[in-house]
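A closer look at the structure
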Amino acid sequence: MGNFIALLLSGFALLLLVIALVMFVHGLRARLEARRCSEVAAPRKRH
Amino acid sequence: MKLNLKARDWHNWISVILVLPMLLVGLTTVFIAHSKKLGLEEIEVTPFVSWLPGYGAQAMQEMAAEVRASLVAADGTQWLGTKGGLYRITDGRAVQEAELGRTEVRDLTESPFGLVVATRNGVWVRGAQGWHMALRGDAWDASLGSDGAVAVTLKDKGVLTSRDGMDWQADEPLRATLSGMPGQADANKPVTLQNLVMDLHTGKAFFGKGSEWIWIDLLGVVWIFLGFTGLYMWWRSQTKRRDAAIKRVNAATEAVHG
């Protein structure tokens, strides 16, 4: 019984870590994309 | 590149960089607090962790080189119990006993019914039929008595003895002696600063040994909650910033072409 709960909790913990990792990578990519867009938009505004 | 980091930026960036280790520590804290009830010691994960540096070939070799016990059997075989498994020395080569895996060996003794090995995951006996795990648990030592019985010491179970390696009995006279011992030894034990620091850290100072899991769980769960919600808020802010930037680019493009 203990082993089953341990495996269940491990699965849950792993899922949480995967979600966190995806959010982390996705957030970093969004940040880079935002910066790129700002760089593209900035010269146009000057025109 | 201009660096103009404010306290909030420092907070954000350090949190974002360390959020994954933070979550890992929070999650493992809860597991450690309940390791006995969950039976973590009995779940082997060797095949899944060999990619981690701490369990790689070199780390395992270092562990194997740490000898914890040795024995020369009556037939001349030399046995070496290491932190990373049990080895038999044959023709100058160390051959690992696969049945025991990479469990830490604490003690070895030879008995009339075979070799008895005290390991971190239990007591193993090598009889005429080969290896079998005689007892589960955290075994500390194994010794042969003058009467031919082997005594082993296991965490939480105390001293157990056997004459055949199959049937293990608690050493009743010893248990009676122990139960008759006054608790003065513990009561008079001085508390060092090291003890206090450790007990404040684990929560034993507030909840006692039996309930320290409350403290550990509380902090572990809060740690996970703060890490996860922080990461979520950061992720939301970054995606919103990106969406706003895309909108601005689109608006600027329309203004130029329109």
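Our subject is the structure listed above.
Below is a short write-up of the structure. This is a predicted model, so every value here is computed, not measured.

Moving on: the side chain of B:Arg106. Residues and elements named next belong to chain B. Inspection of the secondary structure puts Arg-106 in strand β5 (residues 105–111). When its relative accessible area of 15% is taken as the criterion, Arg-106 is described as buried. Within the structure, the side chain of Arg-106 is placed 3.3 Å from the side chain of Glu-104, a separation counted as a polar contact. Every residue in contact with Arg-106, bar those within four places of it in the chain, is listed here: Arg-68, Ala-69, Ala-118, Thr-119, Arg-120, Asp-138, Ala-139 and Trp-140.

A separate point is unusual backbone geometry. Residue and element names in this part refer to chain B. One non-glycine residue, Asp-91, adopts positive backbone phi at about 50°. Note that Asp-91 resides in the loop between β3 (85–90) and β4 (93–96). Looking at Asp-91, the relative accessible area reads 78%, which means it is exposed. A positive phi angle, near 70°, is found at Asp-156, a position not held by glycine. Of note, Asp-156 is situated in the loop between β10 (150–154) and β11 (158–162). What makes Asp-156 exposed here is its relative accessible area of 62%.

In this assembly, 28 residues from chain A lie in contact with 28 residues from chain B. Summed over both sides, the interface between chain A and chain B buries roughly 2,600 Å², with carbon and sulfur atoms accounting for 77% of that surface. At the junction of chain A and chain B, the tally comes to zero salt bridges. In this structure, the connection of chain A to chain B is made through two residue pairs in polar contact (both at pLDDT 80 or more). Partitioned by chemical class, the residues of the side of chain A that touches chain B number 18 nonpolar, six polar and four charged.

Criteria and thresholds
- Residues numbered from 1 in each chain as written.
- Chains lettered and ligands numbered in written order.
- Predicted model: local features only at pLDDT ≥ 70, side-chain atom pairs only at ≥ 80, totals over all residues.
- Heavy atoms only, no water.
- Helix = DSSP H or I, 4+ residues; strand = E, 2+ residues; numbered from the N terminus.
- Buried < 20%, exposed > 50% of the residue type's maximum accessible area, 1.4 Å probe, protein only.
- Polar contact = N/O pair within 3.5 Å; in protein donor to acceptor, adjacent residues only side chain to side chain.
- Contact = heavy atoms within 4.5 Å.
- Buried area = accessible area lost by both parts, 1.4 Å probe.
- Salt bridge = Lys/Arg side-chain N within 4 Å of Asp/Glu carboxyl O.
- Nonpolar A, V, L, I, M, F, W, Y, C, P; charged D, E, K, R; others polar.

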